[in-house]
Structures are given as structure tokens and as C-alpha cells.
Amino acid sequence: MNFDAFTAGVEPGGLRSQSDIRLLICYLLASVKEPLSKDDIVMVLQDNGLANYFEAASALADVLDKNNAATLPNNPDLCVANQTTMEISRQLDSTLPPSVRDRAVNGALALLSRAKRERENKVEINKSGDGYNVTCHISGGSRDMMTITLYTPDLYQARAVKKNFHRNPELVYQVLLALMTGNRDYVETLLREY
């Protein structure tokens, strides 16, 4: 096998061949079946130790240049599988180790899940005097089920609140609801499971 890719930051079992990285990108797009941004594709490969950042970015550009995947006409930053992507994935996916395929797809699905949580549960950070107000909206579909505003003394803490809220808005809702209804046992149970 021709190992022609930089391996800095690649974990054991990661990809060391440019053709394997291109194949994994096709497999990822074919498996996820949702648009992924170019940055997200590169981040999934890099964060999971599957490919070096520069190799992943180069491979993605190559895949798109050769029309082995497509971008959305109204948003050229979003990549999707096309017929060629599907054919490449079907014919060659067995050349990639199952662990590599699983890590890439699980990483992409986690990313899509996080994006959905962030889209559905908005957080606003607004300057307020010498600090910041962080307003967290817990969505119940077409309406807010709960809105919480917290004051933080600096932007760093405001961003930490936003990040931790987006990690699990359902837990925030369950704990606050249990506290407000006086169900201390349920609060303890929720926090133990978290």
C-alpha cells in the first residue's frame, strides 16, 4: 500500500493514504445522507484521528474537483453525496477498516446532533453593564418551553454557559422542572445519571 499522506495528528489505525482519505469522505457523505459543511467534514476526520487536517482538506477539494461529490447550489459550502459518491462508496467501502468507517460516521452523526440541538435551543449572549446576560431557550417545537437568563461577569463564563447548556438542554429542563416542583429525589437521580 502506498502511504503518501502526512500523519501528524493521526491516531493508530487512522488513514495514511490520500486515496483512502478520499474514499472515506465519499463513504461518509453516502452514509450520513445529510449535507455536511466542508469544515465539518475535515473536522470529523481530524477530531477522530482519522486524517491530518491538511490531508483531509486536500482530499475533500480533490473529491469535489473530480465531481465525486457535490455541493448544494444555494450553499456551496455544504457537501452532499451524488450518484458517483454512492457508486464509489458501494464498490470500495470494504477497503476501509470497519473501525475507521464507524468512527467517521459516528463523528458526523454526533456533529449533526449537536447542530440540531443548537438550532432548536437558542442561546443569546448580550452585554449588560459590566458583564453579560446569557439567555437560554429550551424549545418544545414551535414554542419555548422554558427561557432562562443568567448573568455572568465576563464573556469567557458566558461562552462556558452556552457550551454547557448546548451539551444537554434536556437535562437542564428536567432538573429545573424537578427543582421548581419540589421533586428533590428526581433531581438527585438526574444528577447521578449525568
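One can find the structure itself at the top, above this paragraph.
Note that the coordinates shown come from a computational prediction; the quantities given were computed from them, not determined experimentally.

1. Things to note about the packing of aromatic side chains
Piece 1. Going through the model one piece at a time under the given rule, you end up with one aromatic pair.
Piece 2. Taking the centre distance of 5.1 Å and the plane angle of 85° together, the rings of Tyr 53 and Phe 54 count as edge-to-face.
Piece 3. What makes Tyr 53 partly exposed here is its relative accessible area of 40%.
Piece 4. Here the guanidinium or amino end of Arg 101 rests over the ring plane of Tyr 27, the centre of that ring lying 5.9 Å away.
Piece 5. The ring of Tyr 132 has Lys 127 sitting right over it, with the charged end atom 4.8 Å from the ring centre.

2. Some details on the pairing of strand E5 (residues 131–139)
Piece 1. E5 sits mainly inside the fold: seven of its nine residues count as buried.
Piece 2. Pairing of strand E4 (residues 123–128) with E5, which is carried by six bridges, proceeds in the antiparallel orientation. Counterpart to Ile 125 in the pairing with E5 is Val 134.
Piece 3. Count of turn residues in the E4/E5 antiparallel hairpin: two residues, of which Gly 129 carries a positive phi of about 60°.
Piece 4. Relative to strand E6 (residues 144–152), E5 runs antiparallel, the two being bridged by eight bridges. Residue pairing in the sheet places Tyr 132 in a bridge with Thr 152 of E6.
Piece 5. Linking E5 back to E6 in an antiparallel pair, the connection comprises four residues, with Gly 141 at a positive phi of about 95°.

3. Quick word on the pattern of salt bridges
Piece 1. Applying the stated criterion to the full structure yields four salt bridges.
Piece 2. One salt bridge connects Asp 62 with Arg 22, and the closest N-O pair in it is separated by 3.4 Å. Here Arg 22 lies in helix H1 (residues 18–32) and Asp 62 lies in helix H3 (residues 53–65), a separation of 40 residues in the sequence.
Piece 3. In this structure, the salt-bridge partner of Glu 120 is Lys 116, at a minimum N-O distance of 3.9 Å. Here Lys 116 and Glu 120 lie together in helix H5 (residues 98–120), a separation of four residues that amounts to about one turn.
Piece 4. Overlapping salt bridges bring together Arg 22, Asp 62 and Lys 66 as one network.

4. Some remarks on helix H7 (residues 169–180)
Piece 1. Here H7 is twelve residues long and its end C-alpha atoms lie 16 Å apart, about the 16 Å a rise of 1.5 Å per residue gives.
Piece 2. Where H7 is concerned, the buried positions are Pro 169, Leu 171, Val 175 and Ala 178.
Piece 3. Backbone geometry just downstream of H7 places Gly 182 in the positive-phi region, at approximately 75°.

5. Here's the deal with the sheet that holds strand E1 (residues 36–37)
Piece 1. Read across the open sheet, the three strands follow the order E1-E3-E2; overall the sheet is antiparallel. In this open sheet, the two strands that pair with only one neighbour each are E1 and strand E2 (70–72).
Piece 2. Two elements, E2 and strand E3 (residues 75–80), share three bridges in a ladder whose sense is antiparallel. Across the sheet, Thr 71 pairs through a bridge with Cys 79, a residue of E3.

6. Examining the environment of Ala 108
Piece 1. Turning to its location among the elements, Ala 108 is positioned in helix H5.
Piece 2. As for Ala 108 and Met 43, which are separated by 65 residues in sequence, their C-alpha atoms are 9.1 Å apart.

7. Considerations on the layout of surface pockets
A probe as big as a water molecule, rolled over the atoms, marks out the empty space that is left.
Piece 1. Considering only enclosed or pocket space, the largest pocket measures out at about 180 Å³ in volume.
Piece 2. What lines the largest pocket is simply Ser 19, Asp 20, Arg 22, Leu 23, Cys 26, Asp 62, Val 63, Lys 66, Asn 68, Ile 88, Leu 92 and Thr 95.
Piece 3. No other element matches the five residues that H1 contributes to the lining of the largest pocket.

8. Structural notes on the environment of Cys 26
Piece 1. Relative to the elements of secondary structure, Cys 26 occurs in helix H1.
Piece 2. Overall, the relative accessible area of 2% leaves Cys 26 in the buried class.
Piece 3. For Cys 26 and Val 80, which are 54 residues apart along the polypeptide, the C-alpha to C-alpha distance reads 9.2 Å.

Reading guide: rules and limits
Residues numbered from 1 in each chain as written. Predicted model: local features only at pLDDT ≥ 70, side-chain atom pairs only at ≥ 80, totals over all residues. Heavy atoms only, no water. Phe/Tyr/Trp six-rings, centres within 6.5 Å; stacked < 30°, edge-to-face > 60°. Buried < 20%, exposed > 50% of the residue type's maximum accessible area, 1.4 Å probe, protein only. Lys NZ or Arg CZ within 6 Å of the ring centre and 35° of its normal. Helix = DSSP H or I, 4+ residues; strand = E, 2+ residues; numbered from the N terminus. Pairing = 2+ DSSP bridges. Salt bridge = Lys/Arg side-chain N within 4 Å of Asp/Glu carboxyl O. Expected span 1.5 Å × (residues − 1). 1 Å grid on protein atoms, 1.4 Å probe; cavity = no way out; pocket = protein on both sides within 12 Å on 5 of 7 lines; lining within 4 Å. Points joined across faces, edges and corners; volume = space filled by probe spheres on them.

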